[in-house]
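Chain and residue survey
Okay, here's what each chain looks like letter by letter:
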Amino acid sequence: MQKNKLRPINIVFYSKWDSFEKWRNILINHNMNLYNWPDDFKKNSTYSNINGALVWDPPDEIWKHFPNIKIIQSLGAGVDHILRKKIPENINIIKLHDPNLSNQMAEYALMSVLMCKRKYFQYSKNMSNKKWNQLTPLDNKDFKITILGYGNISKLIIKNFKSMGFNINVWGNSKRNLKNINYFFGKNQLHESIKNSSCLISLLPDTKLTEDLIGLDEFSLLSNESYFINIGRGRTVNQTDLFYALKNNILTGAIIDVFNKEPLDKNNELWNLKNILITPHIAGITNATDYTSKLLKENFNNLYLNKSLKNKVNITLGY
């Protein structure tokens, strides 16, 4: 057992957004070596000593240089940026689950809901017109929220909202036996979960089942004053329908952090709307943490000992 734990762990890193230096410094503390792609490698060579990858949206070509990679660790909560690539078979893909990231997402969700409930969009319009008009917000129990997706981040958000007295529905793809939660599942129960809600929040992953799942039919089921918040994945929403719903006041407002294509094109018509708040995929920003580094080290040890891996992605389901 001791011999397995001393096996060297060499990891290739790729991300346009995350800090290589920060990750390298923290992984060194856990006896893992991190190398930056492509700077630390020769273009036409292969490296059999690399057994892991820490990546966000890696290029397809990267994998041909590293024939012995056993674990790919995502640098974000989602893994669609990996699954869409041509990765070798029999590689373990690990989703990021870090309390730091979850807390950020929960903060963003709470901020967004309170902005909607306290009529941010109406006051923003009034301010543009120099109009002083006090508006009365709904009580929390009357501001019904439907959350799409039931993962670790969703659970924390639900806990926070329930503690504040919000009326919550939750929808997921799979059947679950949950207590004290109005839970709906499957495509046939999607509309039932959404109907007459004041706010629809998507935390859905990007899979074949969720692509364009949310559109005009779903927005039209919401209450007369309604809001949409997306901190899941952009491809789960029909962006043309989103624009139409906002333009025609089917939605009162929307707070959107993720888009079909990022960065959002400067010519995209969503920029011109007054009842949308756009943020650049910052609801949860991945930080180099001891928590994630320890889990990565633990997963390599488990791999060498033929034990199950934590946070392993079911490639068939896509999450």
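Procedures and definitions
All residue numbers refer to positions counted from 1 along the written sequence of the respective chain. Only residues with pLDDT of at least 70 are given local features in this predicted model, and only at 80 or more are side-chain atom pairs given and counted; all residues enter the totals for whole chains, interfaces and linings. To obtain the side-chain values, all non-hydrogen atoms of the structure were used and water was disregarded. Helix numbers and strand numbers start at the N terminus; a helix is a DSSP run of H or I with at least 4 residues, a strand a run of E with at least 2. As defined in this context, the radius of gyration uses C-alpha atoms, and a globule is described by 2.2 Å times the residue total to the power 0.38. Type-normalised accessible area, obtained with a 1.4 Å probe on protein chains alone, sets the label of each residue: buried when under 20%, exposed when over 50%, and partly exposed for intermediate values. Contacts between residues were defined by any pair of non-hydrogen atoms, one from each residue, lying within 4.5 Å. Note on areas: Shrake-Rupley with a 1.4 Å probe; residue coverage comes only from the protein chains shown. Positive charges come from Lys and Arg alone, negative charges from Asp and Glu alone, with His and the N- and C-terminal ends not counted. Charge placement uses NZ in Lys and CZ in Arg. For Asp and Glu, CG and CD serve respectively. A pair of strands is considered paired only if DSSP assigns at least 2 bridges between the two. Interaxial angles span 0 to 180 degrees and are taken between N-to-C directions of axes, which are lines fitted to C-alpha atoms, for helices over the stretch in contact. Every residue carries a pLDDT, the predictor's confidence in it, which falls somewhere between 0 and 100. Expected span, for any helix, means 1.5 Å times one less than how many residues it has. As used here, the arc belongs to the directions running from the helix axis to the C-beta atoms. In the sections that follow, a salt bridge refers to a side-chain nitrogen of Lys or Arg positioned within 4 Å of a carboxyl oxygen of Asp or Glu.

A look at the overall build of the protein chain
Scanning the protein chain for helices and strands turns up 10 helices and 12 strands. Whereas a compact globule of 319 residues would reach a radius of gyration of roughly 20 Å, the protein chain reaches 22 Å, a difference of no more than 12%. Once the C-alpha set of the protein chain is aligned to its principal axes, its extents read approximately 70 × 45 × 35 Å. Of all 319 residues assigned to the protein chain, the portion counted as buried reaches 50%. Contacts in the protein chain between residues at least 24 apart in sequence constitute 61% of all its contacts with a sequence separation of at least 6. By element, 47% of the accessible surface of the protein chain is carried by carbon and sulfur atoms, the whole surface being about 17100 Å². The protein chain carries 42 positive and 27 negative side-chain charges, and their two centres are separated by 5 Å.

So, the sheet that holds strand S2 (residues 32–36)
Note on sheets: strands pair through backbone hydrogen bonds, and any given pair is parallel or antiparallel. Ordered in space as S2-S1-S3-S4-S5, the five strands form an open sheet in which the pairing is parallel. Each edge of the sheet is formed by a strand with only one pairing partner; in this case those strands are S2 and strand S5 (92–94). Each strand of the sheet is rotated relative to its neighbour by a mean of 25°, with strand direction disregarded. As defined by bridge partners, strand S3 (residues 52–55) adjoins strand S4 (residues 71–74) across four bridges and the pair is classed as parallel. Its bridge partner being in S4, Gly52 is matched across the sheet by Ile71. Of the strands in this sheet, strand S1 (9–14), S2, S3, S4 and S5 touch helix H10 (residues 290–304), which is tilted by about 160° from S4.

Description of the confidence of the model for the protein chain
Interpreting fine coordinate detail is not advised for predicted regions of low pLDDT. In this model, the protein chain carries a mean pLDDT of 95, and residues with pLDDT of at least 70 account for 98%. No element of the protein chain has a lower mean pLDDT than helix H1 (residues 2–5), which averages 46, and none a higher one than strand S10 (residues 227–230), which averages 99.

A short note on helix H6 (residues 152–163)
The end-to-end C-alpha distance of H6 is 17 Å, a good match for the 16 Å that 12 residues give at a rise of 1.5 Å each. Those residues of H6 not exposed but buried are Ile153, Ser154, Ile157, Ile158 and Phe161. Along H6, the residues classed as buried sweep out an arc of 130° about the axis, all on the same side. Residues of H6 that are exposed and point over 90 degrees away from its buried face: Lys159 and Ser163.

Considering the pattern of salt bridges
Tallying each qualifying case throughout the model produces 10 salt bridges. In this structure, Arg84 and Asp80 form a salt bridge, with 3.1 Å as the shortest nitrogen-oxygen distance. On the basis of relative accessible area, Arg84 is assigned to the partly exposed category, the value being 46%. We note a salt bridge from Glu211 to Arg235, for which the minimum N-O separation is 3.8 Å. Here the residue Glu211 occupies a position in the loop between strand S9 (199–202) and helix H8 (216–219), and Arg235 occupies one in the loop between S10 and helix H9 (239–247), the gap between them amounting to 24 residues.

Here's the deal with the side chain of Asn36
As for its position among the elements, Asn36 is in strand S2. Of the residues examined, Asn36 reaches a relative accessible area of 15% and is grouped as buried. Among residues more than four places away in sequence, those in contact with Asn36 are Phe13, Phe20 and Phe41.

Topic: the sheet that holds S10
Across the sheet, which stays open at both edges, the seven strands sit in the order S8-S7-S6-S9-S10-S11-S12 with parallel pairing between neighbours. Looking at which strands have only one partner, the edges of the open sheet turn out to be strand S8 (182–185) and strand S12 (276–278). This sheet shows a mean twist of 15° between the axes of neighbouring strands, independent of strand direction. Across four bridges, S10 lies against strand S11 (residues 253–256) in parallel orientation. Across the sheet, the residue bridging to Ile229 is Ile255, located in S11. In the packing of H6 onto the sheet, the strands contacted are strand S6 (145–148), strand S7 (168–172) and S9, and the crossing angle to S6 comes to about 170°.

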